[in-house]
Amino acid sequence: MASISPPPAAGQHGEPGTISTLALGRAMLRLLPSAPGMLRASLKVHALHADSHQSIGRLLQQQARLFPEKTALLFEGMRWSYHDFNTWANRIAHVLQAQGVRSGDSVGLLLENHPELLACVAALAKIGAVAGLLNPNQRGDALRYSVGVIRPTRLVVGANCVANLRSAFPRRPAGMPWLWVGQGQAPKGLFNLSAACAMASTKNLPDTNQILAGKPCYLVFTLGTTGRPKAAVMTHLRWLRCGYGMGQAAMRLQADDVLYCPLPLHHNSALTLCWSSVVASAATLAIARKFSATGFWDDIRATGATAFAYIGELCRYLLSRPASPGDRQHPVRLMVGNGLRPELWDAFQQRFGIRHICEFYGSSEGNLVFANALGLPRTAGVTTMPYAILAYDTERAGPQRDAHGAVRRVATGEVGLLVTEVSPSNPFDGYTDAQATQDKMLHGVFHPGDRWINSADLVRDQGFRHIAFVDRLGDSFRWKGENVAASEVERAVAAVPGIAQVCVYGVPVPHCDGRAGMAAVVLAAHTRFDGQRMAQHLRRHLPAYALPLFVRVMAAQSTTDTFKVQKSVLQQQGFDPVASRDRLYVLPQASAAYVALGAILYRRIQAGSLRFP
């Protein structure tokens, strides 16, 4: 059996390493003044249960009653108080009910980043309906597929998204009315939701008080590593737990905090993490239409943000900007998100002066969250929920089992497969696709009848119930009989001078077993690719089997709206010079440098006559 082995250099500078007793003790001492508030928040989390009459709508009504004039939302110079936002959501809810929307109905939302999207989600939550969050960047077949997944009874479309919708549906499907949100007159055939709301009731709906926490509130699409996106089910319970657990316990937001969110609202990091954390604390959410590396800090200062959300490569983009005297001229004390690479952590924190990096680990479909509540460096944090990190068998693509079928938990410092237990108090809401939900489950892991979720993520056990994310299994590949984690190779390539962005993936090579590493890179401005320098650097920092044998130099990387590189497209194109207009390089066995990959070398690879390290 081939298993994931512990990293040889855990604990070195820039690596996630393990958590020391001394570092843990110092962090806990720093948190002593915050301990009472964190304890109260934790008690709120544990008091929540699926059968309680608690929901998004009910919490919004409570905050509107207690803090009517407190600013709830900021957007491009506009402001909504908690009272304003609650009455706005009520108007939409009353109109939707009049249009026939009922509890349990799925309603698609195709809108850009704007407070009107949050108002529609809140309105549907007040009714007990389910919002299907559609990607406003999708068109044609992709959008038609997404609509088919959520199966909406109605679809709300923003003024700037009508063309996208018509590209997917030249004719409106029968039985699925389209409701339009915008200024002025609605396009022909679309019901003008905005105009109808102007004269609707502002009163709270009695239905809201009857909604159970365990009921679904919206559907969000997960990208995954293979196949088409799936729609994960979010419940009021998980949204509320995030608000108290992340917003109050881990982030320790106060009512005078402003959380700046440049992330797309149709994804969970914005809709669940940011919004729930703000509402639970009666704080303020500042929404950006989209992320801009050049305008980011100006927006922070303009909104008075004391915290911001990040994801994926956002921090790398900010760090790659030229240093400025204004880098520390901001009121931000906290940043929250996931995907901050270990090699960037210290540099980002020191340059921009952020006191608390609240990195977290979680997924749209998962049932637990790790959060760096203690503010320790290079960790995804701690959780109180049940989980295990198991030795992973790459050949069988599952937990490693001995001759008796028993699994093995990894030791501190080792890397393994993260699995999380499913129980009545820790349910798995899954996807809209029942088979996809079942495929995530592991049965009989420790004893007959138990159920665990296969996260499909490799993590490092850092000790004291802390973890560091290592890789998605879809991003791992096997070469020369060894398992290679793409993220480990990406860290090494990113450290090569002149490399601005990088993603690593495995590609099949004719006449060879497994997949060889390939790095798609974007160079820093005014930098030329130096094949010899890269080869020398990587040979010093990576074992031979982990060396990327191919390099693709790109002008820019194609990313999703959450800044995730679209590796599947790059993998399909491979290293064929005909399939790519980018410059390609290869590292032959006897070469001291990466050399240009043209038609002649490509034919030698296809024939199996070119040898590799």
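All values reported here derive from a predicted model rather than from experimental measurement. Once a new chain begins, its residue numbering starts again from 1 and follows that chain's sequence as written. For this predicted model, a pLDDT threshold of at least 70 governs which residues receive local features, and a threshold of 80 or more governs which side-chain atom pairs are given and counted, while totals over whole chains, interfaces and linings are taken from all residues. As a rule here, side-chain values come from all non-hydrogen atoms in the structure, and water together with hydrogens is ignored.

(A) Spotlight on the overall build of the chain. Along the chain, the regular secondary structure elements total 18 helices and 30 strands. Against the compact-globule benchmark of 25 Å for 613 residues, the chain has a radius of gyration of 25 Å, which places it among compact chains. Its C-alpha atoms put the chain at 75 × 60 × 55 Å along the principal axes. The rule is simple: take the accessible area with a 1.4 Å probe, protein chains only, and divide by the maximum for that residue type; under 20% is buried, over 50% is exposed, in between is partly exposed. Split into buried and exposed, the 613 residues of the chain put 57% on the buried side. Numbering goes from the N terminus for both helices and strands, where a helix is a DSSP run of H or I of at least four residues and a strand is a run of E of at least two. Atoms counted for the radius of gyration: C-alpha only. Globule rule: 2.2 Å times the number of residues to the power 0.38.

(B) Structural detail: the packing of helix α3 (residues 56–66) against helix α4 (residues 82–98). To get an axis, a line is fitted to the C-alpha atoms, and for a helix only the part in contact is used. The angle between two axes follows their N-to-C directions and goes from 0 to 180 degrees. One can describe the packing of α3 onto α4 by two numbers: an axis separation of 8 Å at closest approach and a directional angle of 140°. As the angle between them shows, α3 and α4 are arranged oblique. The interaxial crossing formed by α3 with α4 has left-handed handedness. Contact residues: α3 offers Leu60, Gln61, Gln63 and Ala64, while α4 offers Tyr82, His83, Phe85 and Asn86. Three classes are used: nonpolar for Ala, Val, Leu, Ile, Met, Phe, Trp, Tyr, Cys and Pro, charged for Asp, Glu, Lys and Arg, and polar for all others, with Gly counted as polar. Residues belonging to the contact of α3 with α4 are distributed by class as follows: four nonpolar, four polar and no charged. Should an angle fall under 35 degrees it is called roughly parallel, over 145 degrees roughly antiparallel, and 65 to 115 degrees roughly perpendicular, with every other angle called oblique. Two helices cross in a left-handed way if the nearer one is turned anticlockwise from the farther one by less than a right angle. They cross in a right-handed way if the turn is clockwise. Whether two residues are in contact is decided by their heavy atoms: any pair within 4.5 Å suffices.

(C) Representation of the sheet that holds strand β28 (residues 548–554) in the model. Read across the open sheet, the five strands follow the order β26-β27-β28-β29-β30; overall the sheet is mixed. Both outer strands of the open sheet, β26 (499–508) and β30 (595–596), are each paired with one neighbouring strand and no more. Bridge analysis of β28 against strand β29 (residues 583–586) gives four bridges, and the strand direction is antiparallel. Residue pairing for β29: Val551 is matched across the bridge by Tyr585. Against the sheet, helix α15 (residues 486–494) contacts β26, β27 (515–523) and β28, and its axis sits at roughly 145° relative to β26. Strands are labelled as partners when DSSP assigns at least two bridges between them.

(D) How the structure looks around the side chain of Ser277. Within the secondary structure, Ser277 sits in helix α10 (residues 268–280). Overall, the relative accessible area of 0% leaves Ser277 in the buried class. Of the polar contacts made by the side chain of Ser277, one reaches the backbone oxygen of Leu273; its length is 2.6 Å. What Ser277 contacts, discounting residues up to four positions off in sequence, is Cys242, Gly243, Met246, Gly247, Met251, Leu253 and Thr272. Think of a polar contact as two N or O atoms within 3.5 Å of one another; within protein, one of them needs to be a possible hydrogen donor and the other a possible acceptor, and neighboring residues in sequence only count if both atoms come from side chains.

(E) Spotlight on the pattern of salt bridges. Each reported salt bridge corresponds to a side-chain nitrogen of Lys or Arg within 4 Å of a carboxyl oxygen of Asp or Glu. Under the definition given, this model contains 13 salt bridges. Put simply, Arg289 and Glu112 hold a salt bridge, and the shortest N to O gap is 3.8 Å. Of the two residues, Arg289 sits in the loop between β11 (284–287) and α11 (296–303) while Glu112 sits in the loop between β3 (106–110) and α5 (115–127), which places them 177 residues apart along the sequence. Note on Arg289: relative accessible area 38%, which makes it partly exposed. Residue Glu112 is classed as partly exposed on the basis of its relative accessible area, which comes to 30%. Through salt bridges that share partners, Glu76, Glu112 and Arg289 make up one connected network.

(F) Quick peek at α4. Every helix has an expected span of 1.5 Å times one less than the residues it contains. Taking 1.5 Å per residue as the helical rise, α4 with its 17 residues ought to reach 24 Å, and the 24 Å between its terminal C-alpha atoms agrees with that figure. Looking only at α4, the buried set comprises Tyr82, Phe85, Asn86, Thr87, Ala89, Asn90, Ile92, Ala93, Val95 and Leu96. Backbone geometry just after α4 places Gly100 at a positive phi near 100°.

(G) Examining the nonpolar core more closely. Core analysis: the biggest nonpolar cluster contains 114 residues, and Leu109, Tyr218, Met246, Trp275, Leu285 and Phe308 have the highest contact counts within it. If one sorts the elements of this core by residue count, α5 sits on top with ten residues. Beyond its immediate stretch of four places on either side in the chain, Phe308 contacts Leu259, Tyr260, Phe296, Trp297, Ile300, Val332, Leu334, Met335, Val336, Phe348 and Ile354. Definition of nonpolar core: a set of buried residues of the types Ala, Val, Leu, Ile, Met, Phe, Trp, Tyr and Cys, connected through side-chain atoms within 4.5 Å. One finds Phe477, Ala519, Val521 and Val553 within the second-largest nonpolar core, a separate group that totals 26 residues.

(H) Main features of unusual backbone geometry. The backbone phi angle of Arg151 is positive, close to 45°, even though this residue is not glycine. Along the chain, the position of Arg151 falls in the loop between α6 (140–150) and β5 (154–158). Phi angles above zero are rare outside glycine, and Arg252 is one such case at about 60°. Relative to the assigned elements, Arg252 resides in the loop between α9 (236–250) and β10 (258–261). A relative accessible area of 16% means that Arg252 is categorised as buried.

(I) The arrangement of the sheet that holds strand β8 (residues 216–222) in detail. Taken together, the seven strands give an open sheet; going across it, the order is β7-β6-β5-β3-β4-β8-β9, and neighbouring strands pair in mixed fashion. The sheet is open, and its two borders are formed by β7 (191–192) and β9 (230–235), each paired with just one other strand. As judged from the six bridges shared by β8 and β9, these two strands associate in the antiparallel manner. The residue bridging Phe221 from the neighbouring strand is Ala231, located in β9. Its contacts with the sheet put α5 on β3, β4 (130–133), β5, β6 (178–181) and β8, and the angle it makes with β3 is roughly 175°.

(J) The arrangement of the pairing of strand β12 (residues 307–311) in detail. Buried residues dominate β12, accounting for five of its five residues. Going residue by residue along β12, you find Ala307, Ala309 and Ile311 tucked away on one face and Phe308 and Tyr310 tucked away on the opposite face as well. Pairing between β10 and β12: two bridges, direction parallel. Bridging from a neighbouring strand, Tyr260 pairs with Phe308 of β12. In this structure, β12 lies alongside strand β13 (residues 334–338), joined through five bridges in parallel fashion. Following the sheet pairing, Ala309 is matched in β13 by Val336.

(K) Looking closely at the confidence of the model for the chain. You can read pLDDT as the predictor saying how much it trusts each residue, on a scale of 0 to 100. Summing up the model confidence of the chain, the mean pLDDT is 91 and the portion of residues at 70 or higher is 95%. Low pLDDT (under 50) marks residues 1–13, which in the prediction has 30 contacts with non-local residues, meaning those over four places away or in another chain.

(L) Representation of the environment of Pro448 within the structure. Looking at where Pro448 falls in the secondary structure, it is placed in the loop between β21 (441–443) and β22 (451–463). Residues Pro448 and Leu60, 388 residues apart in the sequence, show an inter-C-alpha distance of 43 Å.

(M) Examining the environment of Gly140 more closely. Residue position: Gly140 is located in helix α6. Its relative accessible area of 15% is what places Gly140 among the buried residues. Separated by 207 residues in sequence, Gly140 and Ala347 place their C-alpha atoms 42 Å apart. The residues touching Gly140, leaving out its near neighbours within four places in the chain, are Asn164, Ser167 and Ala168.

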